[in-house]
Amino acid sequence: MSKVNISEAVHYIGCDDHDIDLFESQYLVPDGVSYNSYLIVDEKIAIMDTVDARVTEQWLANLEQEMEHRFPGRQPDYLVVSHLEPDHAANIQRVCEKYPELKVVSNAKTFAMLPQFFTLDFSARKVEVREGDTLSLGSHTLHFYLAPMVHWPEVMVTYESAEKILFSADGFGKFGTLDTQEDWDDEARRYYINIVGKYGAPVQALLKKAAALDIRTICPLHGPVLKENLAHYLEKYDIWSSYRPEDEGVTIAYASIHGNTAAAAKELAALLKEKGQEVFLFDLARDDMAKAIEDAFRYDRLVLAAATYDGGLFPCMADFLYHLKLKNFQKRTIGILENGSWAPMAGKLMKEYVEGFKDCVTAEPTVTIKSTLNAASREQLEQLALALAK
Ligand code: FEO
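Numbering of residues begins from 1 in every chain and follows the order in which that chain's sequence is written. Given that this is a predicted model, residues contribute local features only at a pLDDT of at least 70 and side-chain atom pairs are listed and counted only at 80 or more, while totals for whole chains, interfaces and linings are drawn from all residues. As a rule here, side-chain values come from all non-hydrogen atoms in the structure, and water together with hydrogens is ignored.

Draft legend 1. How the structure looks around the layout of surface pockets. Only protein atoms enter the 1 Å grid used here, on which a cavity is any set of points holding a 1.4 Å probe that cannot leave and a pocket is any open set flanked by protein within 12 Å on both sides along at least five of seven lines; residues with an atom within 4 Å of a point are listed as lining. Grid points are joined across faces, edges and corners, and a volume is the space filled by probe spheres set on the points. Size it by volume and the largest pocket reaches roughly 330 Å³. In this structure, the largest pocket is lined by 17 residues; those nearest its centre are I257, A307, T308, G340 and S341. The leading source of residues in the lining of the largest pocket is strand β18 (residues 299-309), at three residues. Partitioning the lining of the largest pocket into residue classes produces five nonpolar, eleven polar and one charged. Secondary structure elements are taken from DSSP: a helix is a run of H or I of four residues or more, a strand is a run of E of two residues or more, and numbering for both begins at the N terminus. Basically, the charged four are Asp, Glu, Lys and Arg, the nonpolar ten are Ala, Val, Leu, Ile, Met, Phe, Trp, Tyr, Cys and Pro, and anything else, Gly included, counts as polar.

Draft legend 2. Main features of the packing of aromatic side chains. Pairing of aromatic side chains requires ring centres within 6.5 Å, counting the rings of Phe and Tyr and the six-membered ring of Trp. Pairs whose planes differ by under 30 degrees are stacked, by over 60 edge-to-face, and all others tilted. The tally for this structure, following the rule as stated, stands at 21 aromatic pairs. A ring pair is formed by F175 and Y191, whose centres lie 5.3 Å apart and whose planes are at 80°; its orientation type is edge-to-face. With F175 in the loop between β14 (165-167) and α5 (184-196) and Y191 in helix α5, the pair connects residues that are 16 residues apart, well separated along the chain. Residue classification places Y191 among the buried positions, given a relative accessible area of 1%. Taking 5.3 Å as the distance between ring centres and 65° as the angle between the ring planes, the aromatic pair formed by Y309 and F314 counts as edge-to-face. Residue exposure (1.4 Å probe, protein chains only): buried if accessible area is under 20% of the type maximum, exposed if over 50%, otherwise partly exposed. Residue class for Y309 comes out partly exposed when judged on its relative accessible area of 37%. Here a set of aromatic residues connected by ring pairs shows up, and it is made of F172, W184, Y192, Y233, Y237 and W240.

Draft legend 3. Focus on the nonpolar core. The definition of a nonpolar core used throughout is a set of buried Ala, Val, Leu, Ile, Met, Phe, Trp, Tyr and Cys residues joined through side-chain atoms within 4.5 Å. Formed by 94 residues in total, the largest nonpolar core has its most connected members in F23, I92, M317, F320 and L324. Residue contributions to this core peak at seven residues, all from α5. Domain start and stop positions are those given by an automatic or database domain assignment. Looking at this core, you find at least three residues from each of domain 1 (10-242) and domain 2 (249-389). A contact between two residues is defined here by any heavy atoms of the two lying within 4.5 Å. Look past the residues within four positions of F23 in its chain and what remains in contact with it is V29, V33, Y35, D87, F175, Y191, I195 and H222. Residues A262, A269, V367 and L381 belong to the second largest nonpolar core, which totals 22 residues.

Draft legend 4. Molecular detail of the side chain of E85. Position of E85 among the secondary structure elements: in the loop between β8 (78-80) and α2 (86-89). Think of it this way: Lys and Arg go in the positive column, Asp and Glu in the negative one, and His and the chain ends go nowhere. Should a side-chain nitrogen of Lys or Arg be within 4 Å of a carboxyl oxygen of Asp or Glu, the pair is scored as a salt bridge. Buried charge E85 goes without a salt bridge, the closest partner of opposite sign being K327 at 10 Å. N or O atoms within 3.5 Å of each other form a polar contact, as long as, within protein, one can give a hydrogen and the other can take it, and as long as residues adjacent in sequence are counted only when both atoms are side-chain atoms. A distance of 3.3 Å separates a polar atom in the side chain of E85 from a polar atom in the side chain of H83. Discounting chain neighbours no more than four positions away, the residues touching E85 are E24, H151, W152, E154 and D170.

Draft legend 5. Fine view of the packing of α5 against helix α9 (residues 289-298). Lines are fitted to the C-alpha atoms to define the axes, a helix being fitted only along its stretch in contact, and any angle between axes, read from their N-to-C directions, falls within 0 to 180 degrees. Taken N-terminus to C-terminus, the directions of α5 and α9 make an angle of 95°; their axes are 9 Å apart at the nearest point. Taken as axis vectors, α5 and α9 run roughly perpendicular relative to one another. Between α5 and α9, the contacting residues are D186, R189, R190, I193 and N194 on the first element and A290, K291, I293, E294, F297 and R298 on the second. Residue classes in the contact of α5 with α9 are distributed as four nonpolar, one polar and six charged. The labels follow the angle: roughly parallel below 35 degrees, roughly antiparallel above 145, roughly perpendicular from 65 to 115, and oblique for the rest.

Draft legend 6. Fine view of the side chain of K174. Its location among the elements puts K174 in the loop between β14 and α5. Here E182 takes part through its side chain, which lies 2.8 Å from a polar atom of the side chain of K174. When near neighbours in sequence (up to four residues on either side) are disregarded, K174 contacts V33, E182, D183, W184, E187, A188, Y191, H222, G223 and P224.

Draft legend 7. Layout of the pattern of salt bridges. Taken as a whole and assessed by the stated rule, the structure comprises 27 salt bridges. Between K126 and E128 there is a salt bridge, with its nearest N and O atoms 3.5 Å apart. Among the residues examined, E128 registers a relative accessible area of 40% and is labelled partly exposed. Linking E246 and K236 is a salt bridge whose minimum nitrogen-to-oxygen distance equals 2.8 Å.

Draft legend 8. The arrangement of the sheet that holds strand β11 (residues 134-136) in detail. Here, strands pair whenever DSSP counts at least two bridges between them. An order of β11-β12-β13-β14-β15 is seen for the five strands of this open sheet, with the pairing classed as mixed. With one partner strand each, in any of the chains shown, β11 and β15 (217-219) form the two edges of the open sheet. Between one strand axis and the next, the sheet turns by 20° as a mean value, whatever way the strands run. Bridge analysis of strand β13 (residues 156-160) against β14 gives three bridges, and the strand direction is antiparallel. Note on β14: the bridge partner recorded for Y159 is L166.

Draft legend 9. The packing of helix α6 (residues 200-211) against helix α7 (residues 230-241), seen in detail. Close contact between α6 and α7 brings their axes to 9 Å; oriented N to C, the two are set at 145°. The way α6 lies across α7 gives a crossing that is left-handed. From α6, G200, A201, V203, Q204 and L207 reach across to α7, where they touch L234, Y237, D238 and S241. Across the contact of α6 with α7, the residue classes break down as five nonpolar, three polar and one charged. Two helices that cross are described as forming a left-handed crossing if the nearer one is turned anticlockwise from the farther one by less than a right angle, and a right-handed crossing if clockwise.

Honestly, that's just the spatial picture; any functional story needs more than this.
Shown next as structure tokens:
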């Protein structure tokens, strides 16, 4: 168990997963991920969420170690379920079977969905809470706030008022195990944009509820416990969930078959750099798609550069645009560069996507390359660089 010091009464019992290849079967996590779980020990003992099935035995050992070595003879009274997604909820039935008196605390949506995941009859254990309800553990009191669609409909967060701790479910989570030494921002952004990014409005609603609370510590379900400079994390969440660009810069995402579209994208990058712009290039066929999506959201300008393929878009660009649409991409300036040796179609198809994004402006002209750059397309490239430069 990673050493996480929260307080005398609040203990970390979560697990690092260094071996997972793809989180949610799609996201590269070179530094793994943590599934956080906490124990609040008072006159009553509450477990705050379980963990992924990949680390069940380790989590049960962490729980047993805390219970038997530090609180011998006692049993946990409550399991608070913030989120039913299996990376946190996989062990609900298992822990209930281990502790027959354990009560399950959550909201109506959770209890409606529980039978979809488990065969155990939870009716005798059910403690159903609603918005603003409280549960006293002794000197600690849990306050429950519903947070629907941050990231599933049943999500709720819990505020513990004695120590002013927000148990924030997926909110403020990050990729990377707890023993990974890195700044929070990059992997928290990649996590947020790709996993919760579609749900900006619900996150804004949750931030409004959080603004009314005096929060000293944030305990998320992934990544480090946050104790210092909480305004920094709250500000990042406000930017991300309102879809405002975070920084000035141009993300260039290219989908190239034989390298000619890539060469044009790199030439555009060089022109923009000459004009003093920050540029971030992604080869969509090879680079981490989630990172490319993260940077498309992070910076204020985006260039889509793709070859035509079978009369359509080269597939990795179609995949990229599909992801941007899913994540509610908006409020950016977008340049388009297409390639097609005999019947270029990529530009038209990318424009159709862009027209579907809210509040996006197209930078002119569209650059059309027939196979390789020539004097005419280089002139278009220069014009596009001028239009994109600030
Ligand atoms: Fe970490 Fe939405 O689960």
